[in-house]
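# Coordinate analysis (summary)
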Amino acid sequence: MAEQEKAKTLRDVPIGQSATVIRLTGEGAVKRRIMDMGITKGTEVFVRKVAPLGDPIEITVRGFELSLRKDEAEHVLVS
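Residues numbered from 1 in each chain as written. Predicted model: local features only at pLDDT ≥ 70, side-chain atom pairs only at ≥ 80, totals over all residues. Heavy atoms only, no water.

## Observations regarding the nonpolar core
Core analysis: the biggest nonpolar cluster contains 18 residues, and Leu10, Ile39, Ile59, Leu68 and Val76 have the highest contact counts within it. Listing elements by their share of this core, those giving two or more residues are strand S2 (18-24), strand S3 (44-50), strand S4 (57-61), strand S5 (64-68) and strand S6 (76-78). Every residue in contact with Val76, bar those within four places of it in the chain, is listed here: Lys8, Thr9, Leu10, Val21, Arg23, Leu24, Ile34 and Ile39. (Core = buried A, V, L, I, M, F, W, Y, C linked by side-chain atoms within 4.5 Å. Buried < 20%, exposed > 50% of the residue type's maximum accessible area, 1.4 Å probe, protein only. Helix = DSSP H or I, 4+ residues; strand = E, 2+ residues; numbered from the N terminus. Contact = heavy atoms within 4.5 Å.)

Encoded structure:
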């Protein structure tokens, strides 16, 4: 229980910070889409920038630059 209390989502990571993926939440197509982008358990994710209105966020994963919507980023628990 303590791990989930301190767990934050990818959406909470400040610009210029890295985080490690703990696990993915969500079901079906949303989870599959996130995994297809290479965001899987144990992967390091770097938050590059956030759009002026806050959506989407731009991240670097496995050497690739990706854009994620806020609602997708909330499905990625990180430490």
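## Overview of the pattern of salt bridges
A full pass over the atoms with the stated rule returns seven salt bridges. Here Glu58 ties to Arg48 by a salt bridge, and the two come within 3.0 Å at their closest N and O atoms. Of the two residues, Glu58 sits in strand S4 while Arg48 sits in strand S3, which places them ten residues apart along the sequence. Two residues, Arg69 and Asp71, come together in a salt bridge whose shortest N-O distance is 3.8 Å. Arg69 gets classed as partly exposed once you look at its relative accessible area, which sits at 44%. Three or more residues joined by partner-sharing salt bridges are found here, namely Arg33, Arg69, Asp71 and Glu72. (Salt bridge = Lys/Arg side-chain N within 4 Å of Asp/Glu carboxyl O.)

## Considerations on the sheet that holds S4
If you walk across this open sheet you meet the six strands as S1-S6-S2-S3-S4-S5, and the pairing is antiparallel. In the strand order of this sheet, the two ends are held by strand S1 (8-9) and S5, each with one partner. Pairing geometry for S2 and S3, over three bridges, is antiparallel. What sits directly across from Ala19, in S3, is Val45. (Pairing = 2+ DSSP bridges.)

Note that every value here comes from positions in space, so none of it alone points to a role or purpose.
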